[in-house]
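# A closer look at the structure
Each chain, written out:
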Amino acid sequence: LEALKGGARSVAGIYGYTQQAYIEADYKRGKLENKFLYGREYLVVGNGMLDQLLIGKTSRPFDQILWEYKYRSVFGSSGIIKLNNIGFEKRYLSLHTFGFNKNNFTLSIAEAVLFTGENNSIDLRYLNPVLIWIPEMVNNPAEQGNAFIYAGIKYDRSKSFSLWTDILVDDFQL
């Protein structure tokens, strides 16, 4: 099971697992906290006790470029994930998250775009943390992408009792 999550490889009959291999830089100035990550690491987006709706904790680790930030009760992230190729098609998932946490109440929203293409590479505009991608895709009809919209609400009554709800819209079209 662990090999499926990390991608085991056999070299001379010996297996190795590549579940985590990344460079991380943390920077804090006043109340603003930043984390930059490049490499293979697990990623979780969403609420849930056993797993999450958008990207769950039981998924495999992803090769990624990720920026996470937090300022007081506001938090978010922006990143690109390299997915498995299908034939000659290279696949990437780019995502933004934004949320607010106050008095045991958390509101989270996210958008993600799955984009692919033969000999395609990372599209740097999808790293822009303030660019809303759905209008970008509408204004560029040649772009091929599958857009996801996510929203979640969570209330933590205590350490042992939480209520949450999530919604995910796949292949969002205007």
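### Re the pattern of salt bridges
Using the criterion set out here, one finds 4 salt bridges in the structure. Notably, a salt bridge pairs Lys-35 with Glu-24, separated by 4.0 Å at the nearest N-O pair. Within this pair, whereas Lys-35 is found in strand S4 (residues 32-41), its partner Glu-24 is found in strand S3 (residues 21-29), the two being separated by 11 residues in sequence. With its nearest N and O atoms 3.4 Å apart, the salt bridge here joins Lys-35 to Glu-68. Note that Lys-35 is positioned in strand S4 and Glu-68 in strand S5 (residues 62-71), a separation of 33 residues in sequence. Classification of Lys-35 as partly exposed rests on a relative accessible area of 24%.

### Some thoughts on the nonpolar core
Membership of the largest hydrophobic core comes to 15 residues, with the highest contact counts inside it found for Leu-43, Ile-55, Ile-81, Leu-93 and Leu-95. Elements supplying a minimum of two residues to this core: S5, strand S7 (89-102), strand S8 (105-118) and strand S9 (145-158). Grouped together as the second largest cluster of nonpolar side chains are 5 residues, Ile-80, Tyr-92, Val-113 and Tyr-126 included.

The rules behind these values
Residues numbered from 1 in each chain as written. Predicted model: local features only at pLDDT ≥ 70, side-chain atom pairs only at ≥ 80, totals over all residues. Heavy atoms only, no water. Salt bridge = Lys/Arg side-chain N within 4 Å of Asp/Glu carboxyl O. Helix = DSSP H or I, 4+ residues; strand = E, 2+ residues; numbered from the N terminus. Buried < 20%, exposed > 50% of the residue type's maximum accessible area, 1.4 Å probe, protein only. Core = buried A, V, L, I, M, F, W, Y, C linked by side-chain atoms within 4.5 Å.

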